[in-house]
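# A closer look at the structure
So the chains spell out like this:
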Amino acid sequence: MSEQGSTPGRATIRDVAREAGVSVTTVSHVLNGKGTASEATRRRVLAVADRLAYRAHPMARGLRRGRTGVLGLDMRPLDAIGSYLPAGVDYFMRFAGAAAVTALDHGLGLMLVPDPTRSDITQFAHGVDGYVIGDPVRDDPVLTRLLDAGVPVVSVGRDPGRPDFTDWVGPDDTYETQRVLDLLRSRGAERVALLAGTDDNAWNVDSERAYRSWARRHDMPTRVLHIPEADGEDGGRDAARRFLAGKRPRPDAIYCQTGRHAAGVLDEARRLGFSVPRDLLIATGSDAQQTRHSVPAITALDLVPEDSGKAAVELLIARLNGETAPGPIILPAKLWMRASTGDA
């Protein structure tokens, strides 16, 4: 079993193996009193481990101890935003609630933790049986840490840098994006702009790729802005000014990845004198309180986080039980058509 340190600069089991000139497995066996290593090898490994001040990582140590009955949940977009309760965004609360109830139904607990690679995170956060990781970024360091430590892990959304990692659940972002764009086109849009986030996750990557492909098929111009998710409604207002001002042909529809961006676009567009939906159609790829309660209400994809939370926990439990059910698990979103696209 491989193990890895939890803080930058801490020696890892790989460091010990490299210095001692043996395999990671040999180091693990020596440190745990297992295997058939010679006495000379055992002494050399122990000496190197002592010199490097190596300590076994609590994640891997927990696996040796057996089940704790607790699952871990880390939502990577919230790590990036720096707030674990972004105003108006109920996706994460809905997801966490469904995940927790599903775990309880299986006699397990669910612990919410911030980025497990942070040096200031209590070691108790590492003593879980497995993790659910929400929306990993490309080559996500949290996934790397968990996979290297041999910890069972399931993600919500794929890691764009790990095509072979299929233990994930979530919507088909390509299909869902095309679905919204088709709606905008059916409402008369001829110049659809995309307001994307900056997190390098599959939700942003696949949606932008789908948008550009869709525009080519329909012989439409493309225009994309990337605004940090953390900027929220202010980021949407800034994007609206950039989209709607200047000499360039203005878009007649804007598809925003986040609901908070969409609410900001709507607010600024109206301030600039544009009527929604008469002059400008607006839709978003993630429903939120702002999109439901804005005037007019904003057409949105509901990613149904309750379904994702339940499916992610059930897939993780299956992996913990040694089951080989195939992944990924694709879950459909709901499209709420509202007044910002001329719908009731």
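Residues numbered from 1 in each chain as written. Predicted model: local features only at pLDDT ≥ 70, side-chain atom pairs only at ≥ 80, totals over all residues. Heavy atoms only, no water.

What follows covers empty space enclosed by the protein. Picture a little ball the size of a water molecule; that probe, rolled over the atoms, points out where space is still empty. Under the definition given, this model contains three cavities of 30 Å³ or more. Each pocket or cavity is described by its volume, and for the largest cavity that value is around 410 Å³. Pro77, Phe92, Asp135, Trp203 and Ser286 are, among the 27 residues lining the largest cavity, the residues nearest its centre. Among the secondary structure elements, those contributing two or more residues to the lining of the largest cavity are α5 (76–81), α6 (91–105), α9 (202–217) and α11 (259–271). A breakdown of the residues in the lining of the largest cavity according to their chemical character gives 13 nonpolar, seven polar and seven charged. (1 Å grid on protein atoms, 1.4 Å probe; cavity = no way out; pocket = protein on both sides within 12 Å on 5 of 7 lines; lining within 4 Å. Points joined across faces, edges and corners; volume = space filled by probe spheres on them. Helix = DSSP H or I, 4+ residues; strand = E, 2+ residues; numbered from the N terminus. Nonpolar A, V, L, I, M, F, W, Y, C, P; charged D, E, K, R; others polar.)

Here we come to the sheet that holds strand β6 (residues 192–196). Read from one edge of the open sheet, six strands run β7-β6-β8-β9-β10-β12, paired in mixed fashion. Of all the strands in the sheet, just β7 (224–226) and β12 (334–336) have a single pairing partner and so form its edges. The sheet shows a mean angle of 15° between the axes of neighbouring strands, direction not considered. Relative to strand β8 (residues 253–256), β6 runs parallel, the two sharing four bridges. Paired with Val192 across the two strands is Ala253, which belongs to β8. (Pairing = 2+ DSSP bridges. Axes fitted to C-alpha atoms, helices over the stretch in contact; angles between N-to-C directions.)

Let's shift gears to the sheet that holds strand β4 (residues 153–156). The strand order across the open sheet formed by six strands is β2-β1-β3-β4-β5-β11, and the pairing between neighbours is parallel. The outermost strands of the open sheet, each flanked by one partner alone, are β2 (109–112) and β11 (329–330). Of the pairings in the sheet, the one linking strand β3 (residues 130–134) to β4 comprises four bridges and is parallel in character. Its bridge partner being in β4, Gly134 is matched across the sheet by Val156.

Any functional reading would require information that these geometric values do not contain.
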